[in-house]
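Chain by chain, the residues run as shown.
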Amino acid sequence: MEWMIMPLRKYVQFSGRSQRVEFWMWVLFILIVSTILRVIEQLLGIGPVLGSYQNSSIQAGGNGPISGLFGLVIFVPGLAVTVRRLHDINRSGFWLLVPFGTLVIGVGLMISATMNGALVSGFISLFVAIGAYLLSVVALIVFMCLDGTRGPNRFGSDPKNPDADLKSVFS
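Residues numbered from 1 in each chain as written. Predicted model: local features only at pLDDT ≥ 70, side-chain atom pairs only at ≥ 80, totals over all residues. Heavy atoms only, no water.

So, the packing of aromatic side chains
At step 1: A full pass over the atoms with the stated rule returns three aromatic pairs.
At step 2: Arginine 91 extends its terminal NZ or CZ atom over the ring of phenylalanine 143, reaching a point 4.4 Å from the ring centre. (Phe/Tyr/Trp six-rings, centres within 6.5 Å; stacked < 30°, edge-to-face > 60°. Lys NZ or Arg CZ within 6 Å of the ring centre and 35° of its normal.)

A few points about the environment of leucine 37
At step 1: Inspection of the secondary structure assignment puts leucine 37 in helix α2 (residues 20-44).
At step 2: According to the relative accessible area criterion, leucine 37 is buried, its value standing at 13%.
At step 3: Separated by 33 residues in the primary sequence, leucine 37 and phenylalanine 70 have C-alpha atoms spaced 8.6 Å apart.
At step 4: When near neighbours in sequence (up to four residues on either side) are disregarded, leucine 37 contacts Ile66, Ser67 and Phe70. (Helix = DSSP H or I, 4+ residues; strand = E, 2+ residues; numbered from the N terminus. Buried < 20%, exposed > 50% of the residue type's maximum accessible area, 1.4 Å probe, protein only. Contact = heavy atoms within 4.5 Å.)

Quick word on a nonpolar patch on the surface
At step 1: The grouping of Leu8, Tyr11, Val12, Phe14, Leu69, Leu72, Val73, Phe75 and Leu79 at the surface amounts to a nonpolar patch, some 830 Å² of accessible area in total.
At step 2: The greatest single-element share of the nonpolar patch, amounting to five residues, is contributed by helix α3 (residues 65-88).
At step 3: With respect to the helices, strands and loops of the structure, phenylalanine 14 is situated in the loop between α1 (2-9) and α2.
At step 4: Residue phenylalanine 14 is classed as partly exposed on the basis of its relative accessible area of 33%. (Patch = residues over 30% accessible without salt bridge, like charges linked within 9 Å, V, L, I, M, F, W, Y side chains within 5 Å. Areas by Shrake-Rupley, 256 points an atom, 1.4 Å probe, with all protein chains shown as cover. Salt bridge = Lys/Arg side-chain N within 4 Å of Asp/Glu carboxyl O.)

This is the structure:
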């Protein structure tokens, strides 16, 4: 449980490094709490209802007010733990901007092409951007699964063995 809430204690700490276990336990914590909040919202009748089947509500997406507030609260620590996780594998936090950059470029190319009358090439550029977006998301997931850099790197000491730096100095 300690690993799950550690990012809340380091709310806006973007410097340093985070182990895989801290990141993935945070993801598990978010999934568990989000699921519980959505169930509570549905029971209270304040969750988004997009359809019904035989007098029962079907939730297909969206957030209710409680889970929306939870999302706002966890956004910054989630961003911070992800940046620290990237730091652990010796990558800059700017890697988080790659997926969004691909979509922005793709939408810009699509708008530019369609304004010039090239509707087909506009949609092709959008599909290429969506493909690049999906590939960059997969790359980030792979990064989150990689083992951290052994020993110190440019972002700090090894969180698995922080005393290793001192041992090498005094040996």
